[in-house]
Amino acid sequence: MIRLLNLIALFVIISLCCKAQLPLDQQRYYDSLTTILHQTSSDSLKARAYYGLVYYWVPRDTARARQCLDEARRLSKHYPFLHAISYAHEGYLYYSSDIDRSDAAFAKADSFLNSFTTKEAYQSRANVWINRAAIRQRKDDDRAYIDIILNKVIPYALQAGDSAIVASQYVGVGVAFMNLEQYDKAEPYFDRAIQIFRSTNAQPSRLVAALNRAGENYTYLKKYDEAKKTVAAVKTLLAPYPESELYAVHYMVEGLCYLHDQQYTQAEASFDKGMAAAKGPNKAYVIQELLFYKVKALLANKKYEPARQILLELSEDEEVMELGSSRLEVYEGLAESYAGLGQMKLAYEWMKQSRHLSDSLHESDVTNDINALEMKYQRAESQKEIITLKAKNEQAALSAKNSRLYILLLASTTLLLLIVAVFALLYYRSNRKLLVQKELNHQQELKEIEQQQRLQFGQAVLQGEEQERRRLAQDLHDGLGGMLAGVKLNLSGQVEKIAAEEQHELRKTISQLDDSVTELRRIAHNMMPANLLKFGLQTALKDLSESLMTAAVKIDFQAYGIESSMPEQTQINIYRIIQELLANAIRHADASNIILQCSQDGDTFLITQEDNGKGFDTSISGKGIGLGNIRNRVGFLRGMMDITSVINEGTTINIELHVG
């Protein structure tokens, strides 16, 4: 599957500075902006015109675009809103050259726009988040992309009353589902977007972008008649604008239709036209996509040498080879090309690489089986070592017995050899001490091997538990959470379509869905807190304490010198220990006041928890599952735990862990 990008974001962003989208007639657009600059004396209008010119110059001359941005920012210094959106334009300026700098600029724009509550501000924030979502998509994170579109972009667009942005994001969600190869789920989003664009008389460029991607999706669904209809519709819309960059995807869909009809030469020509028409910040990605399709046409037309040349060029592109799916396309294509050229040895080598890569892409599905096999192997190896040491021990005992018999034989043979017997006795005593010492050494080695085996087994169990927690948390958040969010979105779209008397019940249902999503995210966070992975142990513990506090329970969390450089697995174990301690204090001790102190001194990590709960008899109640889990993790970190509890007076727990 060739990866797609949401190109429509590049056209939507122009509404950051004006209500209109970047039109297909870009020369007329440029002339109108320069006319404003010459005819108006208003700094705010000039600033908006310069912002508009930024989008005109970025694909043509980035230096001119930078000059326009600087001039617009200078004119905006007395207008807070215009100054805020200057950072959104800066994000667009660096979108194709420095993606991290672009994302930082968009984030800064959103922070400034947060203080405005006008429809234009909400429209601008929607467009800022559109482009931040597109950046996540470029980083191969489609789930983050969909999450931003559903929970940021569409809500802001609805607040702004901008149905065109909402429709554009339906296109974006459709593209994300195409990347996940869920083409049937993508189809209704494209249909809904096209319907909105046509009913609202939106800018033709928006409708063309939606039709292009819908046509491409039809080819994956093998609905080629529908795909050809979109090609014809787009061709009519683009006819007056021969320089439009939207021709790139139009020719791509046209080429895919030719490819299906086995008209390979025409398909190659269409893909070449698409590459020639590509321009703008995403030019490189569009050309990459078209090159992959051209390779398919060349291979189908048995033009193996040109296909090989293109694939070798793609294999030297670092961005292409970063994606596992793209690497697999290159390897499989090279294998087919060399086979067609009769170079079977090279074909075999590339096929072997493609199979190895294909296996590695599915390796995560069998991780648990691999861990289980590894544990069995380690236990078997340890058992072999124990048997070997026992054999050596028995051999040493037999050697000692033979030595004693030898000495007795010498003593009884002759008194004349008394001196020899004395030396033999000394030798015996010395050898006996050595054997005793060896025996002690063997026993110590056996204990160390058994202890190491238990430690490795415990480590594997804990790692498997955390891995399962992480998988379940991700499945809950990304799978069920995404489905609930989609249901909410569909219901929200139906509110205005039903009678007023029925809207109350539907809004009540939507509110219940909100509560369900919140509870689902709380459960997922509890299983594998995202803050622990993103911001470290101290922040995660602070969030944990705050999340457990209620009107009846107060938790005083104090942290001293906690270092963020601890290994991730160590931080997870410490977090689980404290999570269990707090749960026990609240659930079993009925504590209303808990003091939790965590500190670190080099490789030593100290935990102290005091509560005013009902306490317990440590000789009887100190053997539960919860405390057992805590002791296992403390033992894994080579630590010590001390519990002091008095019935009806509370409990104090001190834990010292080795984290070096």
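First, a word on what this report is: a plain description of the structure on this page. Once a new chain begins, its residue numbering starts again from 1 and follows that chain's sequence as written. In keeping with the predicted nature of the model, local features appear solely for residues at pLDDT of at least 70, side-chain atom pairs appear and are counted solely at 80 or more, and the whole-chain, interface and lining totals rest on all residues. Based on all heavy atoms of the structure, the side-chain values leave hydrogens and waters out of the count.

Backbone hydrogen bonds are what pair the strands of a sheet, in a parallel or an antiparallel way. When DSSP finds two or more bridges between two strands, those strands count as paired. We count a stretch as a helix when DSSP gives it H or I for four or more residues in a row; a strand needs E for two or more, and each element gets its number in order from the N terminus. Here five strands make up an open sheet; going across it, the order is 1-2-3-5-4 and the pairing mixed. At either end of the open sheet lies a strand with only one pairing partner, and these are strand 1 (554-560) and strand 4 (640-646). Sheet twist, expressed as the mean angle between neighbouring strand axes with direction ignored, is 10°. Two residues qualify as a contact provided that any one of their heavy atoms is within 4.5 Å of a heavy atom in the partner residue. Fitting a line to C-alpha atoms yields each axis, with helices limited to the stretch in contact; the angle taken between N-to-C directions then spans 0 to 180 degrees. Packed onto the sheet, helix 24 (residues 537-548) meets strand 1, strand 2 (593-601) and strand 3 (604-611) and runs at close to 170° relative to strand 1. Sheet strands touched by helix 25 (residues 568-587): strand 1, strand 2, strand 3 and strand 5 (650-658). Its angle to strand 3, the strand with the most contacts, is close to 10°.

Our focus in this paragraph is the packing of aromatic side chains. The criterion for an aromatic pair is that two Phe, Tyr or Trp rings (for Trp, the six-membered ring) have centres within 6.5 Å, with stacked assigned to planes under 30 degrees apart, edge-to-face to planes over 60 apart and tilted to the rest. Under the criterion given, the structure shown has 13 aromatic pairs. Ring centres 4.6 Å apart and planes at 25° place the aromatic pair Tyr30 and Tyr56 in the stacked group. Of this pair, Tyr30 sits in helix 2 (residues 26-39) while Tyr56 sits in helix 3 (residues 43-57), placing them 26 residues apart in sequence. Residue burial is assigned from relative accessible area. The probe radius is 1.4 Å, only protein chains are included, and a residue is buried under 20% of its type maximum, exposed over 50%, and partly exposed in between. Exposure remark for Tyr56: the relative accessible area of 8% places this residue in the buried category. Measuring from centroid to centroid gives 6.3 Å for Tyr122 and Tyr156, while their planes differ by 15°, and the two rings are stacked. With a gap of 34 residues between them, Tyr122 in helix 7 (residues 119-138) and Tyr156 in helix 8 (residues 142-160) connect regions that are remote in the sequence. Like Tyr122, the residue Tyr156 is buried in the burial classification. Counting every residue linked through ring pairs, the aromatic cluster contains Tyr30, Tyr56 and Trp57.

As a further point, take the pattern of salt bridges. In the sections that follow, a salt bridge refers to a side-chain nitrogen of Lys or Arg positioned within 4 Å of a carboxyl oxygen of Asp or Glu. All chains considered together, the criterion is met by 19 salt bridges. Notably, a salt bridge pairs Arg74 with Glu71, separated by 2.3 Å at the nearest N-O pair. Of this pair, Arg74 and Glu71 are both found in helix 4 (residues 62-75), three residues apart, which corresponds to roughly one turn of the helix. Glu71 sits in the partly exposed class, given a relative accessible area of 24%. Of the charged contacts in the structure, one is a salt bridge between Asp110 and Arg125, with a shortest N-O distance of 2.8 Å. Here Asp110, found in helix 6 (residues 99-113), pairs with Arg125, found in helix 7; they are 15 residues apart in sequence, far enough to count as distant. Exposure remark for Arg125: the relative accessible area of 7% places this residue in the buried category. Bridged by salt links that share partners, the residues Asp103, Arg132 and Arg136 form one connected network.

On their own, these measurements won't tell you what the molecule is for.
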